[in-house]
Amino acid sequence: MIPQLVFGFFAALTVLCSLLMILQRDPMHCVLYLAFTVLAIAGVFFTLQADFVGAIQLLVYAGGIVVLYLFVVIIINLSQLQAERRKFFPTLFLVAVPLLGLAELGYLLFARGFRHAPEGPAAVTLPRLAAELLTTYLIPFEVSSILLLAVLIGAIIIARREVGRDPH
Amino acid sequence: MIPIDAIVALGCAVFAIGLIGVLVRKNVMVVLMSLELLLNGVNILLIGFGLHLQSAVGQIFVLFVIMMAVAEAAVGFALILAYCRHRETYHLDEINDLKG
């Protein structure tokens, strides 16, 4: 009973904070609600027995990506922030399309129902995860490190100022 | 044991909210944040099905998705900073240099 309650709490927090995030006008408030959402999703991962991924979510998402968003919102000049205005019918259309897609997906999934989970030792332990990651998925793992190196260099090159033309 | 229906419903809800954010909002920053919501919704689904099927593959895929999210955020912000440095706008409707 307790795990269901904890999961329900974190799920409600996730949905509430993500809704508030897309409704905020100020990008700084959006970043704060994004941080709340990411932390709540980490809680969901913990209740789903994915300890390692929850910890990675806390470290990389909440500690890295959200802080990156925060710094960029601080750096860019938001003083000329203008109110977002859209006419009623385009907004209705743009909101209705994802909701209808969600409804169709939900109907297709829940009309058939899911297979019952096999009984047995439930949790995926960290040694099993590590063994799988470093044997079967070794090549994607190494390729991702190359991708991260390329992203590091590319982001620096794209974001730096032109040398010589702009002295500071 | 948490029912798989609830996990799937949560993941789909987060994905739909993120999609609404991407489509409706006009600020570049908020659109990028909504993209993170999309990725997080898929992560919840992967973890849920991994737990349901007692497979480690779900968690491994989530690790790769998080790595990809980091790359996307870093390059996206570099592009936004480089663009906004000489155009001074964060409004998606005004970013139309390539419009034919």
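Before reading on, note that the structure itself is shown above.
Residues numbered from 1 in each chain as written. Chains lettered and ligands numbered in written order. Predicted model: local features only at pLDDT ≥ 70, side-chain atom pairs only at ≥ 80, totals over all residues. Heavy atoms only, no water.

J.: Any details on the overall build of chain A? Residues and values, ideally.
T.: The secondary structure content of chain A amounts to 6 helices and 0 strands. Each helix and strand of chain A, placed in order from N terminus to C terminus, yields the pattern α-α-α-α-α-α. The 168 residues of chain A split such that 27% are buried. A fraction of 53% describes how many contacts in chain A between residues 6 or more apart in sequence connect residues 24 or more apart. (Helix = DSSP H or I, 4+ residues; strand = E, 2+ residues; numbered from the N terminus. Buried < 20%, exposed > 50% of the residue type's maximum accessible area, 1.4 Å probe, protein only. Contact = heavy atoms within 4.5 Å.)

J.: I'd like a description of the environment of phenylalanine 64 of chain B, backed by residues and values.
T.: Looking at the secondary structure, you find phenylalanine 64 of chain B in helix H3 (residues 57–87). Put simply, phenylalanine 64 of chain B and alanine 9 of chain B are 55 residues apart on the chain and 23 Å apart in space, counted from C-alpha to C-alpha. Look past the residues within four positions of phenylalanine 64 of chain B in its chain and what remains in contact with it is Leu133, Tyr137, Pro140, Phe141 and Ser144 of chain A.

J.: If you had to explain empty space enclosed by the protein to someone new, which residues and values would you point to?
T.: According to the stated counting rule, one finds 1 cavity of 30 Å³ or more in the structure shown. Reported here for the largest cavity is a volume of approximately 50 Å³. Surrounding the largest cavity, 10 residues form its lining, Leu48 of chain A together with Ile47, Gly50, Leu51 and Gln59 of chain B being those nearest its centre. When the residues that make up the lining of the largest cavity are grouped by side-chain class, the tally is 7 nonpolar, 3 polar and no charged. (1 Å grid on protein atoms, 1.4 Å probe; cavity = no way out; pocket = protein on both sides within 12 Å on 5 of 7 lines; lining within 4 Å. Points joined across faces, edges and corners; volume = space filled by probe spheres on them. Nonpolar A, V, L, I, M, F, W, Y, C, P; charged D, E, K, R; others polar.)

J.: Can you lay out a nonpolar patch on the surface for me, pointing to particular residues and giving the numbers?
T.: On the surface, a cluster of nonpolar side chains totalling about 500 Å² of accessible area is made up of Leu149, Leu152, Ile153, Ile156 and Ile157 of chain A. Within the secondary structure, isoleucine 156 of chain A is located in helix H6 (residues 138–159). (Patch = residues over 30% accessible without salt bridge, like charges linked within 9 Å, V, L, I, M, F, W, Y side chains within 5 Å. Areas by Shrake-Rupley, 256 points an atom, 1.4 Å probe, with all protein chains shown as cover. Salt bridge = Lys/Arg side-chain N within 4 Å of Asp/Glu carboxyl O.)

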